[in-house]
Amino acid sequence: NLVVADSRTCLVIGGCGFLGRHLVEDLITRKWKIRVFDVRQTFDAPEAVFHVGDLCDKKALIAAMQGCSTVFHCASPAPSSSNKDMFWKVNVEGTKIVISACKAAQVSRLVLTSSASVIYEGNDILGDDEDSPYATNPVDFYTSTKIAQEQLVLRANRVNNGRLLTIAIRPHGIFGPRDTTMVPTLADAARKGKMKFIIGDGNNVVDFTYVKNVSHGLILAALALEKNSDLGGQAFHITNDQPILF
Ligand code: NAD
């Protein structure tokens, strides 16, 4: 049976995570019709339909995507994990499955949460733009899989007879309410007395974006793709404003 997609109906993969949940809440505020797909359910919202499943399960994904015009992909194993097989399976093989499911379910837009680390080689970056090449020597295995993931998504632009448009948004560190990674890790390090060292000359550059701004950026990306299909196949860095100098 053909299900006609409403342009404001979406699936948020990883919608029970830190960023994903904020995105779901912001989409609810904007009156989108939302399905959430995640391996776990961490909250409830009467406005959303929850599907608990693994994104490597194509059948389950296709079922959750029925009638969706937009898929937001915000799922990933935690960057702190040392499980390389899991990173590869979810971020790379899983993303191939996401793309394939988008094709099968006739989805129009796939919005990926990528990472600014995909261009980071270990030296400060100031003022670069999206023309910067991918890192040839990524800082860790997680980042290697984010590069492969982003390339897969951007190359899938206009597959399915031109129907699927893809875009990637690249935040760096994300902070805000319910952050389980960045601020708790820093606080834990401080508690253990590990914050008494300065790496480099103390002027290192790092960029953080408030979680609501990342969520806003993802929604704007979906809306922009709807208006201008030429944006498809491209990645965009996202930040609050100026990088924070330590
Ligand atoms: P998170 O760990 O809070 O959320 C990720 C969610 O993905 C979790 O709810 C998890 O259950 C789900 N998930 C993991 N494997 C899955 C699978 N196989 N099938 C279905 N769901 C699965 O992480 P986050 O901080 O919200 O990150 C969201 C996205 O943003 C990720 O793609 C991450 O790479 C990217 N990102 C995060 C940051 C940051 O600072 N948090 C920075 C740059 C990019």
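Within each chain, residue numbers correspond to sequence positions counted from 1 in written order. Local features in this predicted model are restricted to residues whose pLDDT is 70 or higher, and side-chain atom pairs enter the listing and the counts only when it is 80 or higher, whereas totals over whole chains, interfaces and linings include all residues. The side-chain numbers reported here are obtained from all heavy atoms of the structure, hydrogens and water having been left aside.

Chemist: Is there a simple way to explain the nonpolar core in this structure?
Modeler: Nonpolar side chains in soluble globular proteins generally cluster together in the buried interior. Throughout this description, the term nonpolar core refers to a set of buried Ala, Val, Leu, Ile, Met, Phe, Trp, Tyr and Cys residues connected via side-chain atoms within 4.5 Å. Whether a residue is buried, partly exposed or exposed follows from its accessible area with a 1.4 Å probe, protein chains only, as a fraction of its type maximum: under 20%, in between, or over 50%, in that order. Core analysis: the biggest nonpolar cluster contains 32 residues, and Val 12, Leu 27, Ile 34, Phe 72 and Leu 218 have the highest contact counts within it. Runs of H or I in DSSP of at least four residues are treated as helices and runs of E of at least two as strands, each being numbered from the N terminus. When contributions to this core are tallied by element, the ones reaching two or more residues are β1 (6-13), α1 (18-29), β2 (33-38), β3 (48-52), β6 (165-170) and α6 (211-227). Tallying contributions element by element places α6 first for this core, with eight residues. Whether two residues touch is decided by their heavy atoms; if any such pair falls within 4.5 Å, the residues are in contact. Apart from residues no more than four positions distant in its own chain, Leu 27 is found in contact with Cys 10, Val 12, Trp 32, Ile 34, Phe 72 and Ile 219. Counting 26 residues, the second-largest nonpolar core is a separate cluster that includes Leu 55, Leu 61, Cys 68 and Ala 101.

Chemist: Would you mind going over helix α2 (residues 58-65) with me for this structure?
Modeler: Residues separated by three or four positions in an α-helix point in the same direction, a consequence of the helix having 3.6 residues per turn. For α2, every residue scored as buried is listed here: Leu 61, Ile 62, Ala 64 and Met 65. Down the axis of α2, the sector holding all buried residues measures 165°, keeping them to one side. Positive phi shows up at Gly 67, right after α2, with a value of about 80°. The directions considered for the arc run from the helix axis to the C-beta atoms.

Chemist: Mind showing me how you'd approach the site of the ligand here?
Modeler: If you check the shell around the ligand, you find 24 residues, and the closest are Leu 19, Asp 38, Tyr 142, Lys 146 and His 172. We define a polar contact as two N or O atoms separated by no more than 3.5 Å, with the added condition that, inside protein, one atom must be a possible hydrogen donor and the other a possible acceptor, whereas residues neighbouring each other in sequence contribute only through side-chain atom pairs. Measuring from an oxygen atom of the ligand, one finds a backbone N or O atom of Phe 18 at 2.8 Å. Within the contact set of the ligand, an oxygen atom lies 2.6 Å away from a side-chain nitrogen or oxygen of Asp 38. For accessible areas, the Shrake-Rupley method is used with a probe of radius 1.4 Å. Any residue's cover is judged against the shown protein chains and nothing else. Computed on the free molecule, the ligand has an accessible area of 830 Å², of which 89% lies beneath the protein chains in the complex. Elements that contribute at least two residues to the shell around the ligand include exactly α1, α4 (141-155) and β7 (173-175). Nearness is judged by heavy atoms alone; a residue qualifies as near a molecule or strand once a single heavy atom is within 4 Å of it.

Chemist: Which parts of the structure should I look at to understand the packing of aromatic side chains?
Modeler: In this description, an aromatic ring pair is defined by two values, namely the gap between the centres and the angle between the planes. Paired rings are identified among Phe, Tyr and Trp, the last through its six-membered ring, by centres lying within 6.5 Å, and are further divided according to the angle between planes into stacked (under 30 degrees), edge-to-face (over 60) and tilted (the rest). Tallied over the entire structure, the rule returns five aromatic pairs. Between Phe 43 and Phe 50, the ring centres sit 5.3 Å apart and the planes meet at 85°, which makes this aromatic pair edge-to-face. Relative accessible area serves as the criterion here: at 18%, Phe 50 is assigned to the buried category.

Chemist: Would you explain α6 in this entry?
Modeler: What a helix is expected to span follows from its residue count: subtract one and scale by 1.5 Å. The first and last C-alpha atoms of α6 sit 25 Å apart over 17 residues, in line with the 24 Å expected at 1.5 Å per residue. When we look at burial in α6, the residues that qualify are Val 211, Val 214, Ser 215, Gly 217, Leu 218, Ile 219, Ala 221, Ala 222, Leu 223 and Leu 225.

Chemist: Help me out: how do you make sense of the packing of α2 against helix α3 (residues 84-104) in this one?
Modeler: Working note: a packed helix pair is described by the angle between its axes plus the distance between those axes. A fitted line through C-alpha atoms represents every axis, and for helices the fit uses only the stretch in contact; the resulting angles, taken between N-to-C directions, go from 0 to 180 degrees. Relative orientation of the contacting elements α2 and α3 amounts to 45°, with a least axis distance of 9 Å. Between α2 and α3, the crossing angle belongs to the class labelled oblique. For the pair α2 and α3, the sense of crossing is right-handed. For the pair α2 and α3, the contacting residues are Lys 58, Leu 61, Ile 62 and Met 65 in the first and Ile 97, Val 98, Ser 100, Ala 101, Cys 102 and Ala 104 in the second. Under the scheme applied here, ten amino acids are nonpolar (Ala, Val, Leu, Ile, Met, Phe, Trp, Tyr, Cys and Pro), four are charged (Asp, Glu, Lys and Arg), and all others, including Gly, are polar. Taken together, the residues of the contact of α2 with α3 sort by class into eight nonpolar, one polar and one charged. Angles are sorted into four bins: roughly parallel if under 35 degrees, roughly antiparallel if over 145, roughly perpendicular if 65 to 115, and oblique for all others. We call a crossing left-handed when the near helix sits turned anticlockwise from the far one by less than a right angle, and right-handed when that turn is clockwise.

Chemist: Could you clarify how one ought to interpret the environment of Trp 88 in this entry?
Modeler: Tracing the sequence through the fold places Trp 88 in helix α3. Sequence-wise, Trp 88 and Lys 146 are 58 residues apart; in three dimensions their C-alpha atoms are separated by 9.4 Å. Leave out the neighbours within four places in its chain, and Trp 88 touches Glu 93, Phe 141 and Thr 145.

Chemist: Honestly, the side chain of Thr 95 in this entry has me stumped. Any pointers?
Modeler: The residue Thr 95 is located in helix α3 in this model. The class of Thr 95 is buried, set by a relative accessible area of 0%. Every residue in contact with Thr 95, bar those within four places of it in the chain, is listed here: Leu 55, His 73, Val 90, Gln 149 and Val 153.

Chemist: Looking at this structure, I do not really get the side chain of Ser 132. What am I missing?
Modeler: Relative to the assigned elements, Ser 132 resides in the loop between β5 (109-113) and α4. On the basis of relative accessible area, Ser 132 is assigned to the buried category, the value being 15%. A polar contact is formed between the side chain of Ser 132 and the side chain of Asp 128, at a distance of 2.9 Å. Of the polar contacts made by the side chain of Ser 132, one reaches the backbone oxygen of Asp 129; its length is 3.0 Å.

Chemist: Explain the pattern of salt bridges here, please?
Modeler: For side chains bearing opposite charge, pairing can occur when the charged atoms are close. What makes a salt bridge here is a side-chain nitrogen of Lys or Arg within 4 Å of a carboxyl oxygen of Asp or Glu, nothing more. Per the stated rule, a full pass over the model turns up ten salt bridges. With a shortest N-O distance of 3.4 Å, Lys 96 and Glu 93 are connected by a salt bridge. Here Lys 96 and its partner Glu 93 are both found in helix α3, three residues apart, which amounts to about one turn of the helix. Overall, the relative accessible area of 39% leaves Lys 96 in the partly exposed class. On the basis of relative accessibility, which here comes to 32%, the residue Glu 93 falls in the partly exposed class. Each of Arg 8, Arg 109 and Glu 226 takes part in salt bridges that share partners, so that together they form one network.

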